[in-house]
Amino acid sequence: MLLLKNEIKFMLKSKTMLLLVITACIIMTIGINSVNMSNDFDLFYIKRSSSTISFGSAKFGASICSLLFGLFTVLTLDKDKRKRSKAIIESNQSYYKLMVIRILSIAFYELLVTLLGMAIVMAMQKLAYGIPINFSYYLFNYLVIFFPSLLFSTLIVSGLYLLTDSLDISFITLGVIFIKSLTSTNYLFTWVQTNIDILSDFAGIQPVGNTILYNRLLWLFICIAVFSIGLLFKRRYELNLRSSFFVNIKNKGLIVLLIAAILGSGSTYIKEPYTMELVRNSDAVIAEEIYLNKLSPRIIFDNEKGEMSGEVIYNFTNKGSSSIKFNTNEGLKINSIKVNEKETEYEKAKYDNIIEIPIPNTEKIEVIISYGGKIKSDKNSVGRGMPGYISKDSIYLLENSNWIFRPLVKCGDSIRISGYYSVPDYLTMVVPGILVATETKDGMKKWMFEYESHTADIGAFAGKYKKSQITFENMNVEFYYSPRHEEYVADMRIEDHIKDIMKYYTENMGQYYSDIYPLKIAEVALYKRGGHSSENVITISENMLNRDKSMYQTISDGGSTQYVNTDVFVQDISVIAHEMAHQWWGTGVNVVENSPWSSEGLAQYSSYKYIQEKFGDMESQLFLSRWESRVRELKNYYYINNSEMLDKVNEKYRQSLEMERLQSELYYLMPIKLLRGEEALGEKEFLKRLGRVYNNYLLKDLTFDEFLKEMGLSEEVMEIE
Ligand SMILES: [Zn+2]
């Protein structure tokens, strides 16, 4: 204890340590603005709050300070070799002890820097920005993200130094592990600053908190393992690596620690409970001889535990199939499966999350699956593209999380969907289709709904929402957003924009597809970027409703509003317009995908036209040039133009390249083609014919050939060089 005190005092006197502490605090202060310094358009001018300020400074600070402290650690250890007589230390036989004391005193300073930086950033928030402090965000971000990053860096580099006995090699290796952490999309590897970009103001830490803590646990084991290995190979006086090892291995405590740490990291890695590999539905084979006609989910959410349970009834028409496959989510465990009222066993198919259920050779098949558990996310999309989560304050479940097991069968002409979601009564549920009734009992509210649809894609979204109604002609919009973002929604006239978009599409393309079903627009957490549309429900991520309004300074003059710093705002509105356009192209008209043709191209084109109308050519031109540069990139892609090479690269990489190509074709190439078509026909004529296509194909399938024929266009006309 005395030794530790002395070492801490000794370090305090060193100028390097003083400089390090000051630098770290400056870096954390700079980090307050880190989201605006990235080139991440979605996050520009996000409203400052305790969560964004503490997360930004802790994350930015962790990335630089972990390297600085790593360097300091390795220099301190190396100093023993250079300055102090090694022999004296060796004869003391307490080198282990000394090592541990060194590390502990560095850890002490890391903790000091953590607390000091936290205090400075809190003071900045209060004094410079006048934003009230929410202490829990600070504690989480500094003690779970910042401090461990520094500690891990110190432990790893010490272990490496002891192992290699070389300053250069150990620090360079740390650098490699550091870069791996910054570039990985797998949340388990991102030990430096987590793979979250920002904490959600809408949903809080909860949906991602467990994964951040789990990452910390894994790396604690890894770091202890690396450090123990280092100690095992630490050079003994006048002995080489091998002989030192045989002396060191006699230390039983060390061996126990090493084995425990290796077992710990191994099992933490293998038994990771939050993610899975989601199989895309497009990769799975759809059975041709069986149709889904009816779907009835009855789901109860336990938000406190983050769980769901319930049963789903599926009705099929069978024309000669002997089994049905379902795409499932691994986190949800099956309690029982009944086929035509008979208890039935299932089999796991080729992929882990696909199950196969045998069915009798009858025309009418009813399958009832009763199941429950916690939704698993995709390994590489934690925090950025999460397909689903259930937390205390919100529910976000997209159809592609397979939270309702998805039968890999054909869809009938129309599928009757009816059922209920039961949630704690403090939450507002956004249900698909139309809400028929609600029922409150014992603190739980049951939301009953009905829907007639051509797909079985249904989601579930809940939050502490405020709801407004917007009406234009036959179209009703229900807009659900967080009361925390009410001021922004009002100031930026978001509801007016939604109404304008409804008006523009109705006048230029045609009436909204349904008199019965309202369009529901729900704000959701930034843990899934952008927007999403399925059936009559659209979700938009919170960044579109939570920017710092001082950045815009809305100027009103005589009723018309102008925006300073328009680009980010126009981008937000364009996402809303894109998702709303899917109600015409996607839900209204079923656009049959055949790349580059899909509903995405038409949605992009529609939102482009709205932006052009509302904000002028200057702004819409920005979208066009972005699309054009993406298409150019696509052309220049070496592998994509070179199928021989494509066969040689690994399967995962090839898949991601092809995914990227498909995205570029659907989202960027197709809208450019449509604009070429518009150029050829003239804007007025093009829109007139587009409206005719919409009306003729309402609630029907539309292929590219049919589209060209109806529009009087040819592929040659729309060709781009
Ligand atoms: Zn889209």
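All figures in this text were calculated on a predicted structure; none of them were measured in a lab.

S.K.: Even after reading the chapter, I still don't get the confidence of the model for the chain, so can you show me in this structure?
M.R.: Low-pLDDT portions of the prediction should not be read for the details of their coordinates. Averaged over the chain, the pLDDT score is 89; the fraction of residues at 70 or greater is 93%. Within the model, the stretch residues 555-559 combines pLDDT values under 50 with three contacts to residues more than four positions away or in other chains.

S.K.: Sorry if this is basic, but what is going on with the nonpolar core here?
M.R.: Side chains of a nonpolar character, in soluble globular proteins, are inclined to be buried together. Grouped together as the largest cluster of nonpolar side chains are 177 residues, with contacts concentrated most on Ile395, Tyr421, Ile501, Ile521 and Ile576. Counting residues per element, this core draws most heavily on helix 7 (residues 135-164), which supplies 16 residues. Setting aside residues up to four positions removed in sequence, isoleucine 395 forms contacts with Phe301, Ile390, Val423, Ala460, Phe461 and Ala462.

S.K.: I would appreciate a short explanation of the sheet that holds strand 7 (residues 347-348) in the present structure.
M.R.: By way of backbone hydrogen bonds, the strands of a sheet pair with one another, either parallel or antiparallel. Overall, antiparallel pairing links the four strands, which are arranged 7-8-4-13 in an open sheet. Looking along the sheet, the strands with just one partner apiece sit at the ends: strand 7 and strand 13 (406-407). Sheet topology note: the strand 4 (residues 323-327)/strand 13 ladder contains two bridges and is antiparallel. Paired with phenylalanine 326 across the bridge in strand 13 is proline 407.

S.K.: Any chance you could explain the sheet that holds strand 6 (residues 342-343) here in plain terms?
M.R.: With mixed pairing, the eight strands of this open sheet are ordered in space as 6-5-9-3-2-14-17-16. On the outer flanks of this sheet lie strand 6 and strand 16 (434-441), each paired with one strand and no other. Relative to strand 6, strand 5 (residues 332-339) is paired through two bridges, and the arrangement is antiparallel. Of the residues in strand 6, the one forming a bridge with lysine 338 is glutamate 343.

S.K.: I'm lost on the environment of serine 181 in this one. Help?
M.R.: Position of serine 181 relative to the elements: it lies in helix 8 (residues 167-183). Note: C-alpha distance between serine 181 and threonine 194 (13 residues apart in sequence) is 8.4 Å.

S.K.: Before we go on, may I ask you to explain the packing of helix 7 against helix 9 (residues 206-232) in this structure?
M.R.: When two helices pack together, their arrangement is given by the angle between their axes and by how far apart the axes lie. For the pair helix 7 and helix 9, the least separation of the axes is 7 Å and the interaxial angle reads 20°. In terms of their interaxial angle, helix 7 and helix 9 are classed as roughly parallel. With respect to the hand of their crossing, helix 7 and helix 9 are arranged in left-handed fashion. For the pair formed by helix 7 and helix 9, the contact residues are Val144, Ile145, Pro148, Phe152, Leu155, Ile156, Ser158, Gly159, Leu160, Tyr161, Leu162 and Leu163 on the first element and Ile212, Leu213, Arg216, Trp219, Cys223, Val226, Phe227, Ile229, Gly230 and Leu231 on the second. Residue composition of the contact of helix 7 with helix 9, grouped by class: 18 nonpolar, three polar and one charged.

S.K.: Is there a simple way to explain the environment of isoleucine 169 in this structure?
M.R.: For isoleucine 169, the location among the structural elements is in helix 8. Between the C-alpha atom of isoleucine 169 and that of serine 599, which follows or precedes it by 430 residues, the distance is 53 Å.

S.K.: What exactly am I supposed to notice about unusual backbone geometry here?
M.R.: Trans peptide bonds make up most of the peptide bonds, and negative phi angles are found at most residues other than glycine. The omega angle of the peptide bond from serine 595 to proline 596 is 5°, so this bond is cis rather than trans. Its identity as a non-glycine residue notwithstanding, glutamate 341 has a phi of 70°, on the positive side. Relative to the elements of secondary structure, glutamate 341 occurs in the loop between strand 5 and strand 6. C-beta crowding within 10 Å serves as the criterion here: with 8 such atoms nearby, glutamate 341 is assigned to the exposed category.

Reading guide: rules and limits
- Residues numbered from 1 in each chain as written.
- Predicted model: local features only at pLDDT ≥ 70, side-chain atom pairs only at ≥ 80, totals over all residues.
- pLDDT = per-residue confidence, 0-100.
- Contact = placed C-beta atoms within 7 Å.
- Core = buried A, V, L, I, M, F, W, Y, C linked by C-beta atoms within 7 Å.
- Buried ≥ 20, exposed ≤ 12 C-beta atoms within 10 Å, placed from the backbone.
- Helix = DSSP H or I, 4+ residues; strand = E, 2+ residues; numbered from the N terminus.
- Pairing = 2+ DSSP bridges.
- Axes fitted to C-alpha atoms, helices over the stretch in contact; angles between N-to-C directions.
- Parallel < 35°, antiparallel > 145°, perpendicular 65-115°, else oblique.
- Left-handed = near helix turned anticlockwise from the far one by under 90°.
- Nonpolar A, V, L, I, M, F, W, Y, C, P; charged D, E, K, R; others polar.

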